[in-house]
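Take a look at the letters that make up each chain.
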Amino acid sequence: MKSQKQSKSKDMPVNRIPKKDVWLVMSVISLSLLINSSGFGWGKDGFVPWAPDSIEGVTTVRELPNLFGKWTNKYPRLQFLIDGLCYKSYISSWEKNPAALQRSGKTERSVLTQERLETLATISRINILIMSSLTILWVYLIARFYYADSIAAFFASLSVTVTVNFVYYSHTTCVDIPSMFWITLGVYFLLKSVVLCKMK
């Protein structure tokens, strides 16, 4: 019985995906990118996005001063921090070159315009797209690592890829996809550490 467990552990890809599995996982990730990049701009608006819990654009900008202070937002600050780091160079450049706006016949200078906020919203959506693709990778690795079977891993990651909720939230900047990303990442390394300890 012990020898069977040891042989199964040896079959598991502890350090990396076996070369024969690369095309399988890449095909699923490519499908995920194709689905989730289609309609990428649906409801995108740097000021009032279509998803009420979205944190893109002005929602993140408003929280930037509080990232390392007292946090009052209902969502954890990590995704705000990731988006904020990506926003930083753009906002710094815009602060040096405010945009001219016509209001009531007068010219006013503003750092953030609707167009610029939409640029920030696009950055947030790109981050979500990357994290959703990496989530598919972690799901594949978890299934491949646990079952030591590439077909099981393929269908596990494929089932997540085409799930309605996964596709929907991959098109918004809600924190659901980042949550899945960090959870699946944690589960993968937990399984990996447990098996490595047993193999010693």
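What you see is a predicted model, and the numbers here were worked out from it, not measured in a lab. (Residues numbered from 1 in each chain as written. Predicted model: local features only at pLDDT ≥ 70, side-chain atom pairs only at ≥ 80, totals over all residues. Heavy atoms only, no water.)

Sorry if this is basic, but what is going on with the overall build of the chain here?
Broken down by element type, the chain carries eight helices and two strands. Listing the helices and strands of the chain from first to last along the sequence gives α-α-α-α-β-β-α-α-α-α. Taking 200 residues into account, the globule formula puts the C-alpha radius of gyration at 16 Å, and the chain, at 21 Å, lies well above it. Overall, the chain is about 85 × 35 × 25 Å in size when its C-alpha atoms are taken along their principal axes. Burial statistics for the chain: of 200 residues in total, 42% are counted as buried. Counting every atom, the chain has about 11700 Å² of accessible surface; 62% of that belongs to carbon and sulfur. Each charge class in the chain can be summarised by its mean position, and for the 23 positive and 13 negative side chains these summaries are 11 Å apart. (Helix = DSSP H or I, 4+ residues; strand = E, 2+ residues; numbered from the N terminus. Rg over C-alpha atoms; globule rule 2.2 N^0.38 Å. Buried < 20%, exposed > 50% of the residue type's maximum accessible area, 1.4 Å probe, protein only. Areas by Shrake-Rupley, 256 points an atom, 1.4 Å probe, with all protein chains shown as cover. Lys, Arg positive; Asp, Glu negative; His and termini not counted. Charge placed at Lys NZ, Arg CZ, Asp CG, Glu CD.)

Help me out: how do you make sense of the side chain of Ser32 in this one?
Structurally, Ser32 is set in helix α2 (residues 19-37). Sequence-distant contacts of Ser32, that is, excluding residues within four places in its chain, are made with Ile136, Thr161 and Phe166. (Contact = heavy atoms within 4.5 Å.)

Sorry if this is basic, but what is going on with the packing of helix α4 (residues 78-96) against helix α5 (residues 114-147) here?
When two helices pack together, their arrangement is captured by the angle between the axes and the distance separating the axes. Running from N to C, α4 and α5 cross one another at 145°; their axes reach a closest spacing of 10 Å. Every pair of crossing elements has a handedness; the one defined by α4 and α5 is right-handed. Each of Gln79, Ile82, Asp83, Cys86, Tyr87, Tyr90 and Trp94 in α4 lies in contact with α5, whose residues at this interface are Arg116, Thr119, Leu120, Ala121, Ile123, Ser124, Asn127, Ile128 and Met131. Of the residues belonging to the contact of α4 with α5, the class tally is ten nonpolar, four polar and two charged. (Axes fitted to C-alpha atoms, helices over the stretch in contact; angles between N-to-C directions. Left-handed = near helix turned anticlockwise from the far one by under 90°. Nonpolar A, V, L, I, M, F, W, Y, C, P; charged D, E, K, R; others polar.)

I keep staring at the nonpolar core and nothing clicks. Help me out?
Generally speaking, nonpolar side chains in soluble globular proteins are found buried as a group. Formed by 22 residues in total, the largest nonpolar core has its most connected members in Ile136, Trp138 and Tyr140. Among the elements of the structure, α2, α5, α6 (150-161) and α8 (176-199) are those that each provide at least two residues to this core. With ten residues, α5 is the largest single contributor of residues to this core. (Core = buried A, V, L, I, M, F, W, Y, C linked by side-chain atoms within 4.5 Å.)

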